[in-house]
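Results of the structural survey
Residue-level listing of the chains:
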Amino acid sequence: MNSQELTAKVRAAMYRQCQDRGYAAPVDVLLEVGALPKQKYEDWRFGRVDYLERVCTVNLHKLSTILHEMRVYARQHGLKPSFCCYKRWGVKKKNGQGHKPVIPLRFSRSGKPEIERWYATHFVDSRRIAQLKEARAGSEEAPS
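Let me begin by describing the structure that accompanies this report.

1. Examining the sheet that holds strand S1 (residues 23-24)
Pairing in this open sheet of 3 strands is antiparallel, and the strands run S1-S3-S2 from one edge to the other. With partners counted over all chains shown, the strands left at the sheet margins are S1 and strand S2 (80-83), one partner each. Across 2 bridges, the pairing between S1 and strand S3 (residues 121-124) is antiparallel. Across the sheet, the residue bridging to Tyr 23 is Val 124, located in S3. Against the sheet, helix H5 (residues 113-120) contacts S2 and S3, and its axis sits at roughly 40° relative to S3.

2. Details of the nonpolar core
Counting residues in each nonpolar core, the largest one holds 33 residues, and the members touching the most others are Met 14, Leu 30, Leu 52 and Tyr 86. Breaking this core down by element, the ones donating at least two residues are helix H1 (3-21), helix H2 (26-33), helix H3 (38-45), helix H4 (60-76) and H5. With 6 residues, H4 is the single largest residue contributor to this core. When sequence neighbours within four positions are dropped, the list of residues in contact with Tyr 86 reads Ala 25, Val 27, Tyr 41, Trp 44, Arg 45, Ile 103, Pro 104, Leu 105, Phe 107, Tyr 119, Ala 120 and His 122.

3. Focus: the packing of aromatic side chains
Enumeration over the complete set of coordinates arrives at 7 aromatic pairs. Both rings, one in Trp 44 and one in Phe 107, keep their centres 5.0 Å apart while their planes meet at 45°; by these two values the pair is tilted. Linking Trp 44 in helix H3 with Phe 107 in the loop between S2 and H5, this pair joins segments that are 63 residues apart in sequence. Overall, Phe 107 belongs to the buried group, its relative accessible area being 2%. Here the aromatic rings of Phe 107 and Tyr 119 are separated by 5.3 Å at their centres, their planes lie at 0°, and the arrangement is stacked. Note that Phe 107 is positioned in the loop between S2 and H5 and Tyr 119 in helix H5, a separation of 12 residues in sequence. Cluster of aromatic residues (ring-pair linked, three or more members): Tyr 41, Trp 44, Phe 46, Tyr 86, Trp 89, Phe 107 and Tyr 119. Sitting over the face of the ring of Trp 118, Arg 71 holds its NZ or CZ atom 4.1 Å from the ring centroid.

Conventions used here
Every residue gets a number counted from 1 within its own chain, in the order that chain's sequence is written. Given that the model is predicted, a residue must reach a pLDDT of at least 70 before its local features are reported, and side-chain atom pairs must reach 80 or more before they are shown or counted; all residues, however, enter totals for whole chains, interfaces and linings. Side-chain calculation: all heavy atoms of the structure are included, whereas hydrogens and water are not. Here, strands pair whenever DSSP counts at least two bridges between them. Note on conventions: DSSP H or I runs of at least 4 residues are helices, E runs of at least 2 residues are strands, and numbering of each starts at the N terminus. The contact definition used throughout considers only heavy atoms, calling two residues in contact when any of these lie within 4.5 Å. Structural elements are reduced to axes, namely lines fitted to C-alpha atoms, with helices fitted over the stretch in contact, and the angle between N-to-C directions of any two is expressed from 0 to 180 degrees. We call a set of buried Ala, Val, Leu, Ile, Met, Phe, Trp, Tyr and Cys residues a nonpolar core when their side-chain atoms join them within 4.5 Å. Relative accessibility decides the category of a residue: with a 1.4 Å probe and only protein chains considered, values under 20% of the type maximum give buried, values over 50% give exposed, and everything between is partly exposed. Geometry of aromatic contacts follows a simple scheme: Phe, Tyr and Trp rings, the Trp one being its six-membered ring, pair when their centres are within 6.5 Å, and the pair is stacked under 30 degrees between planes, edge-to-face over 60, tilted otherwise. Only when the NZ atom of a Lys or the CZ atom of an Arg is both within 6 Å of the ring centre and within 35 degrees of the ring normal do we say a charge sits over the ring.

Set out below in structure tokens:
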């Protein structure tokens, strides 16, 4: 897949996600463009893989291109960046008491804060979210 094809896939994935739910997430774009297999993503979320880049099927240059194109698309379409904290799934409470421990996940081998922030930033379309909420409220008020 060359850069132009990759850019087109990223833009299409961003558009689809924003239309469906009002925001786009880098991890979901990686899944949609085929750079991250679903099973490998789940392995990472459950803590069986030490960082996300290890299980991506494209090289670091293409991963960087995907993240860059997401930011370009977001800027062009007025999407608001929103940081999201990714935590490990499947963590149990110790002795069944208190809160579950929060175990943050790593995206990159280096762990550099700037790179981690790029992977964890969702892009929110406020207008689309308002439309989706309005449509949901309208369907709930309609008699069955």
